[in-house]
Amino acid sequence: MSELAARAEKLDATDELGGKRGEFVLDDVVYLDGNSLGALPAVVPGRVEDVVRRQWGELRIRSWEESDWWTAPERIGDRIAPLVGAAPGQVVVGDSTSVNVFKALVGAVRLARLTDPARDEIVVDATTFPTDGYIAESAARLTGCTLRPVAPADVPAVLGDRTAAVLLNHVDYRTGRLHDLPGLTAAVHAAGAYAVWDLCHSAGALPVGLDEHGVDLAVGCTYKYLNGGPGSPAYLYVRRELQDRFDSPLPGWNSHAEPFGMRTDYEPASGAPRGRVGTPDILSMLALEAALDVWDGVSVEAVRAKSLALTDFFLECVAEYVPAGRVACLTPVAHEERGSQIALRCDDAGDVMKRLIEQGVVGDFRAPDVLRFGFTPLYVGFADVERAARVLARTLA
Ligand SMILES: Cc1ncc(COP(=O)(O)O)c(C=O)c1O
């Protein structure tokens, strides 16, 4: 056994989150794609079966009340809240991340214009996941704003009294770079603008501190580190002090103060329900609720500590096993700039990833030349990491 393999064994033996792996449905594949689709928590199938067979099949319409379907978006929002550092009553679950980016960004521009109607610029992360960029462009056209795509580090330099809202990613989906949420949020506020954060690649992997850092609005998906299942609903956070002024661009009947009043005039609900649109997608929402059980007794700080240990160890194994110069790491080495993934640039990345998957090491490929490996601390162990690096080295040799 190599020195690294022996060390992996020791690290796994003392891993305080090691027992969590047994709460997931996994096989002997090294699954490093939880930053794309989280693994299935073992509790989910039985709960979904109950939702379908009993709640829907037997109780039918009664389940909106008797199975608490109606209140699910806020109830599940409150389960996610502590994972992103939010007090209860500020997170609502529903719709896709894309739709919530739209609500949050147009909502942020409208908030800015309540006090300063002349604000006419939206700043967006130029390196963003594409959907955020497309929606920001449309939001700018709809609100009569100019869109300024800027790398996150350059954002402070372009802020001014024309900035209405800034849309940023907490962790870059391609490189795994962790951006400075507290510092950038403070800079946005100093310019009198509103900060909207996309937490897709940070929620469930590291502390976010939404309340602590005064974030205005945030969105995120639940199918990556929160393991909610394919296409599980996203969430929207609106800071409590802003909720009464949040003017959603998608006011559906579910966000009405009196949804069953069937009134022709729109009166927004107060609190988190104001972020709703239409009928909640109950099946996937309740699958997500079951999936969140794996977080019982887990601290995000422990998850972060293990995530950094896993990614450090992967970098060490890659440096030891992979021939020098064969890959280049795009993920920052500094802990304060690293999310929970490692991105390696490599010429024939698409083909390499295909061969890794054939050998039981699943990461993903991001065009044009990036191998992406996500480390989900709840179910990835150190032996997995050592094996992944060893198989990578063999494949690249
Ligand atoms: C940063 C980021 N935003 C948004 C999305 C996707 O949004 P949606 O759930 O609407 O497909 C992803 C998907 O991977 C993402 O990485």
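Residues numbered from 1 in each chain as written. Predicted model: local features only at pLDDT ≥ 70, side-chain atom pairs only at ≥ 80, totals over all residues. Heavy atoms only, no water.

## A word on helix α9 (residues 282-291)
Phase 1 of the analysis: Most of α9 is tucked away, with eight of its ten residues classed as buried.
Phase 2 of the analysis: Those residues of α9 that sit buried are Ile282, Met285, Leu286, Ala287, Leu288, Glu289, Ala290 and Ala291.
Phase 3 of the analysis: At its buried positions, α9 is contacted by β3 (40-41), α2 (44-56), α3 (63-66), α4 (72-80) and β4 (91-93). (Buried < 20%, exposed > 50% of the residue type's maximum accessible area, 1.4 Å probe, protein only. Helix = DSSP H or I, 4+ residues; strand = E, 2+ residues; numbered from the N terminus. Contact = heavy atoms within 4.5 Å.)

## Observations regarding the packing of aromatic side chains
Phase 1 of the analysis: Enumeration over the complete set of coordinates arrives at eleven aromatic pairs.
Phase 2 of the analysis: Relative to phenylalanine 375, the ring of phenylalanine 314 has its centre 5.2 Å away and its plane inclined at 55°; by these criteria the two rings are tilted. Taken together, the positions of phenylalanine 314 in helix α10 (residues 300-321) and phenylalanine 375 in the loop between β15 (370-374) and α12 (382-396) put the pair 61 residues apart, joining distant regions of the chain. Assigned by exposure class, phenylalanine 314 and phenylalanine 375 land together as buried.
Phase 3 of the analysis: By way of ring pairs, the aromatic residues Trp64, Trp69, Trp70, Trp253 and Phe260 are connected into one cluster. (Phe/Tyr/Trp six-rings, centres within 6.5 Å; stacked < 30°, edge-to-face > 60°.)

## Things to note about the domain arrangement of the chain
Phase 1 of the analysis: Each assigned domain of the chain is listed with its residue range as follows: domain 1 (3-42 + 298-396) and domain 2 (68-295).
Phase 2 of the analysis: Each of domain 1 and domain 2 was reduced to a C-alpha centroid, and the two centroids are 29 Å apart.
Phase 3 of the analysis: Listed by partner, the interface residues are 36 residues for domain 1 and 23 residues for domain 2.
Phase 4 of the analysis: Buried area between domain 1 and domain 2, both sides added, is near 2,300 Å², and the carbon and sulfur share of it is 59%. (Domains from an automatic or database assignment. Buried area = accessible area lost by both parts, 1.4 Å probe.)

## Considering the sheet that holds strand β7 (residues 163-169)
Phase 1 of the analysis: Strand order in the open sheet made by the seven strands is β4-β10-β9-β8-β7-β5-β6, with mixed pairing throughout. Edge positions in the sheet fall to β4 and β6 (146-150), since each has one partner strand and no second. The mean inter-strand angle of the sheet, taken between neighbouring strand axes irrespective of direction, is 15°.
Phase 2 of the analysis: Here β7 runs beside strand β8 (residues 194-198); their pairing, made up of five bridges, is parallel. Note that in β8 the partner of valine 166 across the bridge is alanine 195. (Pairing = 2+ DSSP bridges. Axes fitted to C-alpha atoms, helices over the stretch in contact; angles between N-to-C directions.)

## Re the pattern of salt bridges
Phase 1 of the analysis: Tallying each qualifying case throughout the model produces 31 salt bridges.
Phase 2 of the analysis: We note a salt bridge from arginine 7 to glutamate 3, for which the minimum N-O separation is 3.1 Å. Residue arginine 7 and its partner glutamate 3 are located together in helix α1 (residues 3-13), separated by four residues, close to a single helical turn.
Phase 3 of the analysis: Across the salt bridge formed by glutamate 258 and arginine 263, the nearest N and O atoms sit 2.8 Å from each other. (Salt bridge = Lys/Arg side-chain N within 4 Å of Asp/Glu carboxyl O.)

## A few points about the sheet that holds β15
Phase 1 of the analysis: Pairing in this open sheet of four strands is antiparallel, and the strands run β11-β12-β15-β14 from one edge to the other. Only two strands of the sheet have a single neighbouring strand rather than two, namely β11 (328-329) and β14 (364-366).
Phase 2 of the analysis: Pairing of strand β12 (residues 341-345) with β15, which is carried by five bridges, proceeds in the antiparallel orientation. Each bridged residue has a counterpart across the sheet, and for arginine 345 the counterpart in β15 is valine 370.
Phase 3 of the analysis: Contacting β11, β12 and β15, α10 runs over the sheet at an angle of about 25° to β12.

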